[in-house]
Amino acid sequence: MARKEILLARAEMVEWVARIGAVTGDALAERDHCTVQAARGRLQGAGQAGLLSSSRPLRSRPAIYTATAAGLRATDLEHLEPGRVTAANAAHAIACAEVAVKLEHAYPEYRVMGERWLRREESEGTP
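As the structure is a prediction and not an experimental result, all values here were calculated from the model.

**A look at unusual backbone geometry**
Piece 1. Phi is positive for H33, which is not a glycine, with a value near 55°.
Piece 2. Along the chain, the position of H33 falls in the loop between α2 (25-32) and α3 (36-48).

Next up, the structure:
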């Protein structure tokens, strides 16, 4: 894959993470039909570039990735706040990422948005 294609794929992945709010390597692997190891590598690479941050608030669950302020700027989504994952909302965030992937597969003609995105649009009165 050429460098430009890699950068475009990374930008698309970061934009997806920002729209959903928080994702795991497992969710990205299912979405992109790749191995979990490959998905985690892509997420970690974006993390090293400062576009994503990761946390693991639940020991028995996978790391959760969210877009950073730099990642949001890079994808023209700076109107969103960076996602926050805590022990209290981590299981919910993981479940939402899994459901988002299933919805994307079931309805490929639609774009799935996360709760933060929807709440923001609702508060602004956006249809």
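**Structural notes on the pattern of salt bridges**
Piece 1. On inspection of all chains with the given rule, the structure shows nine salt bridges.
Piece 2. Among the ionic pairs, R19 bridges to E15, the shortest N-O distance being 2.8 Å. Of the two residues, R19 and E15 are both situated in helix α1 (residues 3-20); the distance of four residues between them amounts to about one turn of the helix. Here R19 and E15 have matching classes, each one buried.
Piece 3. One network of salt bridges, in which partners are shared, links E12, R31, D32, R42 and E104.

**Points about the environment of W117**
Piece 1. Counting through the fold element by element, W117 comes out in helix α6 (residues 115-124).
Piece 2. Once the C-alpha coordinates of W117 and A18 are considered, the two residues, 99 residues apart in sequence, prove to be 8.7 Å apart.
Piece 3. Leave out the neighbours within four places in its chain, and W117 touches R19, L77, H79 and L80.

**Some words on the nonpolar core**
Piece 1. By size, the foremost hydrophobic cluster in this structure holds 25 residues, and its most contacted members are M13, W16, V23, L43 and L52.
Piece 2. For this core, the secondary structure elements donating two or more residues are α1, α2, α3, β2 (64-67) and α5 (90-106).
Piece 3. Tallying contributions element by element places α1 first for this core, with six residues.
Piece 4. Residues within four places of V23 in sequence aside, it is in contact with W16, V17, L43, A63, I64, Y65 and A97.

Quick notes on the rules
Note that residues are indexed from 1 along each chain, following the sequence as it is written. In keeping with the predicted nature of the model, local features appear solely for residues at pLDDT of at least 70, side-chain atom pairs appear and are counted solely at 80 or more, and the whole-chain, interface and lining totals rest on all residues. For side-chain calculations, the full set of non-hydrogen atoms in the structure is used, while hydrogens and water are omitted. Secondary structure elements follow DSSP: runs of H or I no shorter than four residues count as helices, runs of E no shorter than two count as strands, and numbering proceeds from the N terminus. Salt bridges, as used here, are contacts in which a Lys or Arg side-chain nitrogen is within 4 Å of a carboxyl oxygen on Asp or Glu. Accessibility here uses a 1.4 Å probe with only protein chains present; expressed as a share of the type maximum, an area under 20% marks a residue as buried, one over 50% as exposed, and anything in between as partly exposed. Throughout, a contact is declared for two residues whenever any of their heavy atoms are within 4.5 Å. Residues enter a nonpolar core if they are buried and are Ala, Val, Leu, Ile, Met, Phe, Trp, Tyr or Cys, with the set joined through side-chain atoms within 4.5 Å.

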